[in-house]
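Now for the letters of each chain:
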Amino acid sequence: YSDRGPYILKTVSSSAELIEALKLRYQVFHVEMIGKNKTRGIDVDQFDFLCDHLIIIDKKSQKIVGTYRLNCSLFSQKFYSENEFNLKNIFSLPGIKLELGRACIHKDFRKGMVINLLWRGIAEYMSKTNSEILFGCASIKTTQPRQAALLYHRFANEQRFQNHLLCPPTRQFTMPLLDLWIHSMQRPLTDAENLEVDEMIPPLCRAYLKIGAFLGGEPAYDPEFKCIDFLTILHRENVNKALWRKYQTCETSQSGSSMNN
């Protein structure tokens, strides 16, 4: 639990909080992303009952405005990302693994402070569980193999892929024609293409990249949610040191703030 200015950062501790977080996920993933006509519902699967749920509460409205699902290998050996990717290379790495998933922020609160708070919570949870590897799906809203190939080449140029971390999509989640588009783009991206890529990357995915994430290779294709997912991988020792210093500074400089079990 942490009191941070206009927000409270905590993990879900009641069924009412969990239901509210699942309702927020429904609004973002089902209504906003894929345009479902039914405006009330919950986004839930079997993993929600195995995981911890990080939430951000807006003090003014007392509503949950951000959430992140945390699945630690200390407590579970089943992971959502296994549906979309072959995680053999992740599982072969030493140390405790922490899967991040179902991240969403209310559309009125998608700004730096809320994203930073989510990462603060992840950093604290990672420390408490002694997790060495962070991984999870970072979604980008496109159904076009051409755009997926542009993203792939950008990330390849940024050296985001490492052979020992490659996790190819499962057959069910392989994007049709993506390989053809990737092989047809054996050239540097144009300025216009780089701008197109910049506009596609959402804030949460950009946050992964900013703190030094590697990617598992080709993205998975999720036709239900009309998006592609890149598997993101972070080693604890490679997390940007400035991120940890920033959180440590915030912890010591803000009076009245605390983190409790």
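Before reading further, recall that the structure is shown in the block above.
Residues numbered from 1 in each chain as written. Predicted model: local features only at pLDDT ≥ 70, side-chain atom pairs only at ≥ 80, totals over all residues. Heavy atoms only, no water.

(A) Up close: the nonpolar core. Membership of the largest hydrophobic core comes to 50 residues, with the highest contact counts inside it found for L100, W119 and L151. A total of eight residues in this core trace back to one element, the largest contributor, which is helix α3 (residues 112–129). Counting residues in hydrophobic clusters, the runner-up holds 15 residues, among them F79, C167, F214 and I233. (Core = buried A, V, L, I, M, F, W, Y, C linked by side-chain atoms within 4.5 Å. Buried < 20%, exposed > 50% of the residue type's maximum accessible area, 1.4 Å probe, protein only. Helix = DSSP H or I, 4+ residues; strand = E, 2+ residues; numbered from the N terminus.)

(B) Structural detail: the pattern of salt bridges. A complete count under the given rule lists 14 salt bridges for this structure. Of the charged contacts, one joins R102 and D43 as a salt bridge, the two residues approaching to 2.7 Å between their closest N and O atoms. Separated by 59 residues along the polypeptide, R102 in strand β5 (residues 96–105) and D43 in the loop between α1 (15–32) and β3 (52–58) bring together distant segments of the chain. One exposure class covers both R102 and D43, and it is buried. Sharing partners across several salt bridges, the network here consists of R25, D43, D45, D48, R69 and R102. (Salt bridge = Lys/Arg side-chain N within 4 Å of Asp/Glu carboxyl O.)

(C) Inspection of helix α4 (residues 145–157) at higher detail. For α4, with 13 residues, the first-to-last C-alpha span of 18 Å sits near the 18 Å given by 1.5 Å per residue. Judged by how many residues are buried, α4 sits mostly within the fold: ten of 13 residues are covered. Buried within α4 are the following residues: P145, Q147, A148, A149, L150, L151, Y152, H153, R154 and F155. Check the buried side of α4 and you find it contacts β6 (131–140), α5 (178–184), α6 (191–200), α7 (203–210), β7 (214–215) and β9 (227–235). Just downstream of α4, Q159 is the residue with a positive phi angle, here 60°. (Expected span 1.5 Å × (residues − 1). Contact = heavy atoms within 4.5 Å.)

(D) Quick look at unusual backbone geometry. Phi angles above zero are rare outside glycine, and Q159 is one such case at about 60°. The exposure class assigned to Q159 is exposed, which follows from its relative accessible area of 62%. In the Ramachandran plot, K226 falls in the positive-phi region, its phi being about 55° despite a non-glycine side chain. You can see K226 is positioned in the loop between β8 (220–222) and β9. In this structure K226 comes out as partly exposed when scored by relative accessible area, which is 41%.

(E) Quick look at a nonpolar patch on the surface. On the surface, I19, I42, V44 and F49 cluster together into a nonpolar patch covering about 380 Å² of accessible area. Within the fold, I19 resides in helix α1. Residue classification places I19 among the partly exposed positions, given a relative accessible area of 41%. (Patch = residues over 30% accessible without salt bridge, like charges linked within 9 Å, V, L, I, M, F, W, Y side chains within 5 Å. Areas by Shrake-Rupley, 256 points an atom, 1.4 Å probe, with all protein chains shown as cover.)

(F) Examining the environment of R40 more closely. Along the chain, R40 turns up in the loop between α1 and β3. Spatially, the C-alpha atoms of R40 and I211 are 35 Å apart, while their sequence positions differ by 171 residues. With residues up to four places along the chain from it excluded, the contact list for R40 reads Y26 and Q27.

(G) Looking closely at the side chain of D58. Relative to the assigned elements, D58 resides in strand β3. The side chain of D58 sits in the buried core without any salt bridge; K60 is the nearest counter-charge, 7.2 Å away. Contact partners of D58, with chain neighbours within four places excluded, come to P6, Y7, K63, V65 and F109. (Lys, Arg positive; Asp, Glu negative; His and termini not counted.)

(H) Fine view of the packing of α3 against α7. Orientation of α3 relative to α7, taken along the N-to-C sense of each, is 55°, at an axis distance of 11 Å. Here α3 is positioned oblique relative to α7, judged by the angle of their axes. Regarding α3 and α7, the two cross each other, and that crossing is right-handed. Note on element contacts: α7 touches α3 through P203, L204, A207 and Y208, opposite I115, L118 and W119. Its residues assigned to classes, the contact of α3 with α7 comprises seven nonpolar, no polar and no charged. (Axes fitted to C-alpha atoms, helices over the stretch in contact; angles between N-to-C directions. Parallel < 35°, antiparallel > 145°, perpendicular 65-115°, else oblique. Left-handed = near helix turned anticlockwise from the far one by under 90°. Nonpolar A, V, L, I, M, F, W, Y, C, P; charged D, E, K, R; others polar.)

(I) Representation of the packing of α4 against α6 within the structure. Running from N to C, α4 and α6 point in directions that differ by 95°, and their axes come no closer than 10 Å. Here α4 is positioned roughly perpendicular relative to α6, judged by the angle of their axes. On α6, the residues that touch R146, Q147, L150, L151 and R154 of α4 are E193, N194, E196, V197, D198 and M200.

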